[in-house]
Structure formats: structure tokens, C-alpha cells
Amino acid sequence: MSKSPNDMYDDSADLLTEISVAYYQDGATQEEISKKFAVSRAKVGRMLKQARDEGIVEITVKYHPVFSAKIEQRLVERFGVKRALVALDQPSEELQRQQVAGLVSKFMASSIHNGSVVTVGQGRNVSAVAHHVGVIPQRDVKFVCGIGGIHPRGGMFNADHICRQFAKTYGGTSETLYAPAYAENPEQKRAFMQNSTVKQTLDLARKADVALVGIGDMSENSYMVDLGWFTADEVVQSRMNQGVVGDFAGYDFFDIHGKSAKTVMSDRVIGLGIEEFRPISQVIAIAAENSKPLAMLGALRTGVIDVIATSVSNALTVLNLDEQMK
């Protein structure tokens with residue numbers, strides 16, 4: 001039995017690439033490609049699929065801003081938040097963080113006024129908002145740390161550094177919480193919490209008009225483990241035994257249902273607990289990374305968040321997860 005012309009070509013990467021370029025870049029039809037490369041039209045379809053499966057072709061959907069607005073509305077309706085800020089998906093984690101930060105920065109600039117007090121959390125996402133370059137109106141605003149300080153390696157992700165940066169950007173002032181973010185044990189935490197200077201700062205943080213915090217996910221490779229605040233085993237055990245999926249503002253740890261979980265980590269954080277954020281009229285929570293959907297869902301279910309800021313893909317995943325769990 002003789003070979004047909006269709007069999008004369010193997011599915012090498014070079015041929016897959018040529019066909020993919022002709023179809024996706026040059027706009028040739030599958031029929032035209034079939035004649036040019038002497039393969040059947042059906043095989044052209046199979047080869048295009050193979051090119052996608054092998055990563056030769058990557059298809060990225062660029063969402064129109066109107067699409068983001070529809071997702072924002074779904075988040076508002078599903079979780080009862082006042083506002084959702086959904087950024088278009090970006091090709092890297094850093095670009096995604098910057099995109100979300102830009103939306104939050106713009107929102108904050110229109111939300112805070114002279115005399116406002118803003119409680120500030122820690123972490124990469126909150127820091128990205130403070131360092132976002134944009135047109136910021138000058139306001140007499142006080143930015144106060146909602147959690148203590150962290151190891152020098154934390155640098156620009158330290159709540160105090162973020163507060164100072166915000167104050168510089170807005171022309172306002174900042175107030176430091178003179179305590180570590182994480183105590184070595186519960187006894188040490190209690191001693192700090194009873195200190196009059198610490199109590200004074202936290203009292204101001206509780207009475208804030210706005211709070212800006214991050215949502216953390218539970219991973220043994222997390223930033224908290226990297227800095228030595230918690231061991232990888234403590235994080236894993238909390239996830240496995242208590243069902244912990246994330247943390248709110250670096251303080252309270254919660255499960256997928258939004259219920260606070262009592263863990264060894266909970267008794268070592270010096271700052272505002274999740275229930276202390278509830279009276280604040282506008283709590284803005286950020287989760288840009290694509291590892292955050294489970295943590296986001298748990299955080300949204302706490303009922304504490306007023307404004308959620310994230311990406312399109314995260315928002316869609318959270319909505320789907322919530323639907324599947326009903």
C-alpha cells in the first residue's frame with residue numbers, strides 16, 4: 001500500500017510552527033494551508049490543536065473593559081461588597097500587581113479627603129499601591145499602621161514604610177506601630193498589646209475611615225515563611241488540620257467559609273484583628289496573584305470587605321468556586 005501525500009509530512013515542531021504561523025499570524029485558511037503543505041484539511045486541524053497542546057501556540061484572551069465591568073457587578077451582587085475593582089489579566093505577576101495597584105490608587109484618590117484616617121496593612125500588594133506613579137491630589141490624610149513592623153528584609157513591604165510612602169505621596173502624615181508584626185510567643189504578644197504606645201496607635205487604626213489590606217494565601221513557600229515568622233510545618237498543619245485558606249491583613253486566619261480559625265499563628269500577630277476592621281466604613285482588600293482565589297473566597301465570605309481588588313481570572317475563578325460549593 002503506497003503512502004499518500006498526507007503521510008509524507010511528520011508532525012515535527014518546525015512543521016507545526018510553519019502551519020501555526022500561516023494560520024494565526026498570516027490569516028491563511030485551513031483549506032489554503034492544506035493545499036500549500038499537501039496535507040488533508042482534517043490533519044491541518046489536528047496539527048493546529050497539537051501546536052496548542054505542545055505550547056507552540058499560546059492563545060491569550062484580551063478582555064474588553066466592559067467585560068471587567070460585568071464581572072465587577074457579579075462580585076458586588078454575589079458577595080455584597082460595595083465595589084469591585086477588576087484589572088485585565090497581565091502576562092506576569094509583577095505586571096498584574098501593578099495593574100491592580102493602579103485601580104486601587106485611583107479609587108483611593110477619589111475616596112479620601114482632608115482629615116481622613118487610613119489604616120494600612122503590609123505586603124507586596126499594599127506596597128504596590130503606595131508606590132504607584134500617578135496624579136494624586138494633595139490631602140491632609142493620616143496613614144496609620146494596622147500591624148507592627150517586620151524584619152529589615154521586608155523593606156518596602158513593611159507597613160511603616162508603606163505608610164510613610166503614602167504620606168509622602170499625598171502630602172499627609174503617618175503613624176508607626178512601635179512593635180513587631182509577629183511576636184515569638186503569645187506571652188510576648190500580650191505584653192506588647194498592653195503597652196500604652198501600642199494601644200494608642202491601634203486605637204487610632206480602629207477608628208479609621210478607610211483600611212487598605214492584603215489577602216494572603218496559605219503556602220509553605222509563602223512570604224511569611226520566607227521571613228521566618230512561621231515555619232513551613234506550622235502553615236501546612238494549619239491548612240490541613242484547621243482548613244485555613246488565607247489570612248486577612250496578615251492577622252486573622254480563616255477557612256473557605258470565612259470563619260476565623262484558631263491556629264498557633266493567631267496568637268502571635270500584633271495588630272488589628274479581622275473583627276476590628278468591621279466597623280471601618282471602607283475596607284479595601286487586594287489580591288493580585290493567581291494563587292489567591294481560595295483565600296479570596298474565604299475573605300469575601302467573612303463579610304468584612306467593602307471593596308475587593310483583583311484580576312479578571314481571579315474574579316472568575318472565585319465566582320465559579322462559590323457557585324460549585326452551593
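Refer to the structure printed above.
The model shown is predicted, which means the values in this text are computed figures rather than measured ones.

### Quick notes on the packing of helix H1 (residues 13-25) against helix H3 (residues 41-53)
Put simply, H1 and H3 touch, their axes get as near as 9 Å, and they point 100° apart. One finds that H1 runs roughly perpendicular with respect to H3. Residue-level inspection shows Leu-15, Leu-16, Ile-19, Ser-20, Tyr-23 and Tyr-24 of H1 in contact with H3, the latter providing Val-44, Met-47, Leu-48, Gln-50, Ala-51 and Arg-52. In terms of residue class, the contact of H1 with H3 is built from nine nonpolar, two polar and one charged.

### A look at the nonpolar core
Formed by 88 residues in total, the largest nonpolar core has its most connected members in Met-108 and Phe-143. Once you skip the residues sitting within four places of it in the chain, Phe-143 turns out to touch Met-108, Ile-112, Val-118, Val-120, Cys-163, Phe-166, Ala-167, Tyr-170, Thr-173, Ser-174 and Glu-175. Counting 13 residues, the second largest nonpolar core, distinct from the first, contains Leu-15, Leu-16, Val-44 and Met-47.

### Observations concerning the side chain of Asp-306
Turning to its location among the elements, Asp-306 is positioned in the loop between helix H13 (293-300) and strand E9 (307-311). Owing to a relative accessible area of 12%, Asp-306 belongs among the buried residues under this scheme.

### Thoughts on the pairing of strand E7 (residues 252-255)
Here E7 shows two buried faces, one formed by Asp-252 and Phe-254 and the other by Phe-253 and Asp-255. Turn length for the strand E6 (residues 244-248)-E7 hairpin, with the two strands adjacent in sequence and antiparallel, is three residues, and the turn residue Ala-249 shows positive phi of about 60°.

### Looking at helix H2 (residues 30-37)
The complete set of buried residues in H2 reads Gln-30, Ile-33, Ser-34 and Phe-37. Along the long axis of H2, the arc covered by the buried residues comes to 105°, so they all point the same way. Exposed side chains of H2 directed beyond 90 degrees from the buried face belong to Lys-35 and Lys-36. Packing partners of the buried residues in H2 comprise H1 and H3. Of the residues trailing H2, Ala-38 is marked for its positive phi of about 55°.

### Side note on the pattern of salt bridges
Applying the stated criterion across every chain yields a total of 16 salt bridges. Linking Arg-164 and Asp-160 is a salt bridge whose minimum nitrogen-to-oxygen distance equals 3.0 Å. Residue Arg-164 and its partner Asp-160 are located together in helix H7 (residues 159-170), separated by four residues, close to a single helical turn. What makes Arg-164 partly exposed here is its relative accessible area of 47%. Exposure remark for Asp-160: the relative accessible area of 17% places this residue in the buried category. Between Asp-322 and Arg-301 there is a salt bridge whose closest N-O contact spans 2.8 Å. Of the two residues, Asp-322 is situated in helix H14 (residues 312-324) and Arg-301 in the loop between H13 and E9; the sequence distance between them amounts to 21 residues. For Asp-322, a relative accessible area of 5% gives the class buried.

Quick notes on the rules
Residues numbered from 1 in each chain as written. Predicted model: local features only at pLDDT ≥ 70, side-chain atom pairs only at ≥ 80, totals over all residues. Heavy atoms only, no water. Axes fitted to C-alpha atoms, helices over the stretch in contact; angles between N-to-C directions. Helix = DSSP H or I, 4+ residues; strand = E, 2+ residues; numbered from the N terminus. Parallel < 35°, antiparallel > 145°, perpendicular 65-115°, else oblique. Contact = heavy atoms within 4.5 Å. Nonpolar A, V, L, I, M, F, W, Y, C, P; charged D, E, K, R; others polar. Core = buried A, V, L, I, M, F, W, Y, C linked by side-chain atoms within 4.5 Å. Buried < 20%, exposed > 50% of the residue type's maximum accessible area, 1.4 Å probe, protein only. Pairing = 2+ DSSP bridges. Arc of directions from axis to C-beta. Salt bridge = Lys/Arg side-chain N within 4 Å of Asp/Glu carboxyl O.

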